[in-house]
Amino acid sequence: MVGIGNAIVDVISIEDHDFIATHNLLKGAMTLIDHNRAQDLYGAMSATIEISGGSAANTMAGAAAFGGDVGYIGKVRDDQLGEVFAHDIRALGVRFEVLRASVGPPTARCLIVVTPDAVRTMNTYLGISTELHPDDIDPDLVGAAKVLYCEGYIWDVEIAKEAIRKAISICSSAGGAISFTLSDSFCVERHHVEWLELVDRHIDLLFGNEQEICKLYGTGDDFDAAVAAVQGRCKVAALTRGAQGSVLVTPDEVIEVPPAPLTQVVDTTGAGDLYAAGFLYGYTRQMDLAQCGWLGSLAATAVISQFGARPSAALTHLLANLNSIRPNSIRF
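Being a predicted model, the structure only gives us computed values, none of them experimental. (Residues numbered from 1 in each chain as written. Predicted model: local features only at pLDDT ≥ 70, side-chain atom pairs only at ≥ 80, totals over all residues. Heavy atoms only, no water.)

Caption draft 1: Highlighting the nonpolar core. Counting residues in hydrophobic clusters, the biggest one holds 105 residues, and the most contacted among them are Tyr72, Leu148, Leu206, Ile213 and Phe279. Within the second largest apolar cluster, 11 residues are counted, among which are Ile20, Ala38, Leu111 and Tyr125. (Core = buried A, V, L, I, M, F, W, Y, C linked by side-chain atoms within 4.5 Å. Buried < 20%, exposed > 50% of the residue type's maximum accessible area, 1.4 Å probe, protein only.)

What follows is the structure in structure tokens.
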């Protein structure tokens, strides 16, 4: 499988709740910021950990941790953070061959503040990641993918949007499945008209949480209404509900998958990304949908039990737990 998205380095610190108020941060959300704001926040943060990130990149890293054959397309500069990103993702076994740019804005970074309740507040400077160009799309890599995974965050810039559309066209024409993550409720709000058309015409596998799917179909807080609205518009909509597990919606059925057992929550960063990783790994191995969802739940639980948005070790051991899942219910 191949992912495409904003290539970002996560800069993570643990702060108390007062930090959120002092710096006027929107707790639990992803907020886009400019370079000056990024510098100011970085200067105020306590000791940090720098790990290559980005939503789709995290998903590809998770799929690689299961043993999947994975590639990634994203844009970085030839600076220190660009080197961090390239090194980290390649070290995990992900194919990453986009040339680092010698001119333009610096490599993107996401300043992530984790509070004692394990909620992450993200402030993202997109830098050169927004300059992903259609010429950066490797047609051989994308054309060979069983699944192309596209990140909604990247839709904010026209040239990057063109790159995604090019990748979708290549992969679809070659017989691959197209998957798309809604990424964030604010992204959905900005692009819901285009994304409704995208889901209806191009997307096979749709990922999102309950807030995002409700926002996409304008159902307020009525999750069941959103499920009814998306049913039949794509092959599978995989919708996460936090502690309630996930719901898989196909044209013929709705499968409820329970959450995986959880002993502790350290950092919720990357939960949705790793859910998609587990699901897609199972999907490319032709597992049944309930098992795909369960593998997603296991991967999400593994990542929120540690610090950072990527698994700290291989996830192959989770495959032994696949047969323990039975759907709670199936509604036709």
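Caption draft 2: A look at the sheet that holds strand 4 (residues 49-53). In spatial order, the strands read 3-8-7-2-4; together these five strands make up an open sheet with mixed pairing. Both outer strands of the open sheet, strand 3 (30-32) and strand 4, are each paired with one neighbouring strand and no more. On average, each strand axis in the sheet is inclined to that of its neighbour by 25 degrees, with strand direction left out of account. Taken together, the six bridges between strand 7 (residues 108-114) and strand 8 (residues 120-125) define a ladder with antiparallel strand orientation. When the sheet's bridge partners are listed, Val114 is paired in strand 8 with Arg120. (Pairing = 2+ DSSP bridges. Helix = DSSP H or I, 4+ residues; strand = E, 2+ residues; numbered from the N terminus. Axes fitted to C-alpha atoms, helices over the stretch in contact; angles between N-to-C directions.)

Caption draft 3: Highlighting the packing of aromatic side chains. Per the stated rule, a full pass over the model turns up 11 aromatic pairs. Taking 6.1 Å as the distance between ring centres and 35 degrees as the angle between the ring planes, the aromatic pair formed by Tyr72 and Phe96 counts as tilted. Pair noted here: Tyr72 is in strand 5 (residues 71-73) and Phe96 is in strand 6 (residues 95-96), with a separation of 24 residues, a long-range link. Each member of the pair, Tyr72 together with Phe96, is buried. Measuring from ring centre to ring centre gives 5.1 Å for Phe180 and Trp195, while their planes differ by 75 degrees; the resulting arrangement is edge-to-face. Residue Phe180 is located in strand 10 (residues 177-181), and its partner Trp195 is located in helix 7 (residues 185-201); the two are separated by 15 residues in the primary sequence. For the residue pair Phe180 and Trp195, the accessibility class agrees, reading buried in each case. Taken together, the ring pairs in this structure connect Tyr149, Phe207, Tyr275, Phe279 and Tyr283 into an aromatic cluster. (Phe/Tyr/Trp six-rings, centres within 6.5 Å; stacked < 30°, edge-to-face > 60°.)

Caption draft 4: The arrangement of the packing of helix 3 (residues 55-65) against helix 10 (residues 271-284) in detail. Viewed as axis vectors pointing N to C, helix 3 and helix 10 meet at an angle of 45 degrees, and their least axial separation amounts to 8 Å. By the angle between their directions, the pair helix 3 and helix 10 is classed as oblique. When you trace helix 3 past helix 10, the crossing you get is right-handed. In this structure, helix 3 contributes Ser55, Asn58, Thr59, Gly62 and Ala63 to the contact, and helix 10 contributes Asp273, Leu274, Ala276, Ala277, Leu280 and Tyr281. Of the residues belonging to the contact of helix 3 with helix 10, the class tally is six nonpolar, four polar and one charged. (Parallel < 35°, antiparallel > 145°, perpendicular 65-115°, else oblique. Left-handed = near helix turned anticlockwise from the far one by under 90°. Contact = heavy atoms within 4.5 Å. Nonpolar A, V, L, I, M, F, W, Y, C, P; charged D, E, K, R; others polar.)

Caption draft 5: Quick look at the environment of Ala276. Mapped onto the elements, Ala276 comes out in helix 10. For Ala276, a relative accessible area of 0% puts it in the buried group. Sequence separation between Ala276 and Leu295 is 19 residues; the distance between their C-alpha atoms is 9.2 Å. When neighbours within four sequence positions are excluded, Ala276 is seen to be in contact with Thr59, Tyr149 and Phe207.

Caption draft 6: Structural context of helix 8 (residues 210-217). Counting buried positions along helix 8 gives six out of eight residues, so the element sits mostly inside the fold. Of all the positions in helix 8, only Glu210, Glu212, Ile213, Cys214, Leu216 and Tyr217 are classed as buried. Elements in contact with the buried residues of helix 8: helix 7, strand 11 (205-209), helix 9 (223-230) and strand 12 (236-240). Sitting at the amino-terminal end of helix 8 is Asn209, which places a side-chain oxygen 3.1 Å from the backbone nitrogen of Gln211. Positive backbone phi, approximately 60 degrees, marks Gly218, located one or two places after helix 8. (Polar contact = N/O pair within 3.5 Å; in protein donor to acceptor, adjacent residues only side chain to side chain.)

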